[in-house]
Amino acid sequence: MDIAVPGGTGAVGQHVVAIARDRGHRVTSLTRSEGVDLLTGRGLNEALRGVDTVIDVSGIQTLSTKKAVDFFAAATRNLLAAEKTAQVRHHVALSIVGIDRAGSGLYAGKLAQEDAVRHGEVPWTILRSTQFHEFVPMAIHAASIGPVVLVPQMITQPVAAREVAEALVIAAEQGPRGRVADLGGPRRELLADLVREYLRKPGQRKLVVKVRAPGAMGLAMRRGDLVPAADAAVGRQTFHEWLQARPPAD
């Protein structure tokens, strides 16, 4: 297939590009450095010429509900319009487990994205996954105040980004199927425990303080609403295995 990957340089996108190429597909990564801007639509029509499948793993780092909704609504609208013009046959979108139970921030943006995909004119597949293992160092970076890390009370079931990428490429190969089974990691964990384990490996001396995040998002985190149901697909690599496989310098 000829596959275009918006967000092809991100945590999942880089694996999508590599895996799809290894499986014999022709792959183009859609990035600003290549002249493509999802928010304005610039360069999309040219980039999608001859493409039959789009795997959208684009994203934004924000805690703002408005910014997340604005980004995903605009990016998805522009993508689908360009796909229709290019006669793309399949739109695959990566979403997040539990977005309908924690509708704020990034989760609200993903709800807007899913809604646009479902009501668009391009046949589609949506895969929801849990947070990636890489979410832990991102959380540490975002919530460190000197020697202290503020970690929300959260039940999580992290999954390897590469395994999510594999599932997306397989979904692309299988053709449009609507919403497919959610994908989570092999173990349910407490985010604070994962943060402590991550900090132990490089020997960082930080105090991990658990906090109760406010609102519907905080409640969903504490109740375990952001982990998949029993019928979900399950990844192979645990967080511990992922951590042990990282280079010492990371």
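One can find the structure itself at the top, above this paragraph.
Residues numbered from 1 in each chain as written. Predicted model: local features only at pLDDT ≥ 70, side-chain atom pairs only at ≥ 80, totals over all residues. Heavy atoms only, no water.

Asks: Give me empty space enclosed by the protein: which residues, what numbers.
Replies: One pass over the structure, following the stated rule, counts 2 cavities of 30 Å³ or more. The space that makes up the largest cavity amounts to roughly 40 Å³. Residues that form the lining of the largest cavity fall into these classes: 6 nonpolar, 4 polar and no charged. Of the volumes computed, that of the second largest cavity is approximately 30 Å³. Along its surface, the second largest cavity is lined by His-133, Pro-158, Pro-186, Arg-187, Glu-189, Gln-237, Thr-238 and Phe-239. The class makeup of the residues in the lining of the second largest cavity is 3 nonpolar, 3 polar and 2 charged. (1 Å grid on protein atoms, 1.4 Å probe; cavity = no way out; pocket = protein on both sides within 12 Å on 5 of 7 lines; lining within 4 Å. Points joined across faces, edges and corners; volume = space filled by probe spheres on them. Nonpolar A, V, L, I, M, F, W, Y, C, P; charged D, E, K, R; others polar.)

Asks: Lay out the side chain of His-91 with the relevant residues and their values.
Replies: On the secondary structure map, His-91 appears in strand 4 (residues 90-96). If we ignore the near neighbours within four places in the chain, the residues touching His-91 are Val-54, Asp-56, Leu-79, Leu-80, Glu-83, Val-117, Val-122, Pro-123, Trp-124 and Thr-125. (Helix = DSSP H or I, 4+ residues; strand = E, 2+ residues; numbered from the N terminus. Contact = heavy atoms within 4.5 Å.)

Asks: Explain the pattern of salt bridges residue by residue, including any values.
Replies: Per the counting criterion, the structure on display carries 16 salt bridges. One salt bridge in this structure joins Asp-37 and Arg-32, with 4.0 Å as the shortest N-O distance. As a salt-bridge pair, Glu-114 and Arg-118 come within 3.1 Å of each other at their nearest N and O atoms. Here Glu-114 and its partner Arg-118 are both found in helix 4 (residues 105-118), 4 residues apart, which amounts to about one turn of the helix. (Salt bridge = Lys/Arg side-chain N within 4 Å of Asp/Glu carboxyl O.)

Asks: Summarise the sheet that holds strand 7 (residues 148-152); cite the residues concerned and give the values.
Replies: The sheet built from 3 strands is open, its strands ordered 6-7-12 with mixed pairing. Either end of the sheet is taken by a strand with one partner, and the two such strands are strand 6 (144-145) and strand 12 (207-211). Across 5 bridges, the pairing between strand 7 and strand 12 is parallel. Each bridged residue has a counterpart across the sheet, and for Leu-150 the counterpart in strand 12 is Val-209. (Pairing = 2+ DSSP bridges.)

These values are about where atoms sit, not about what they do.
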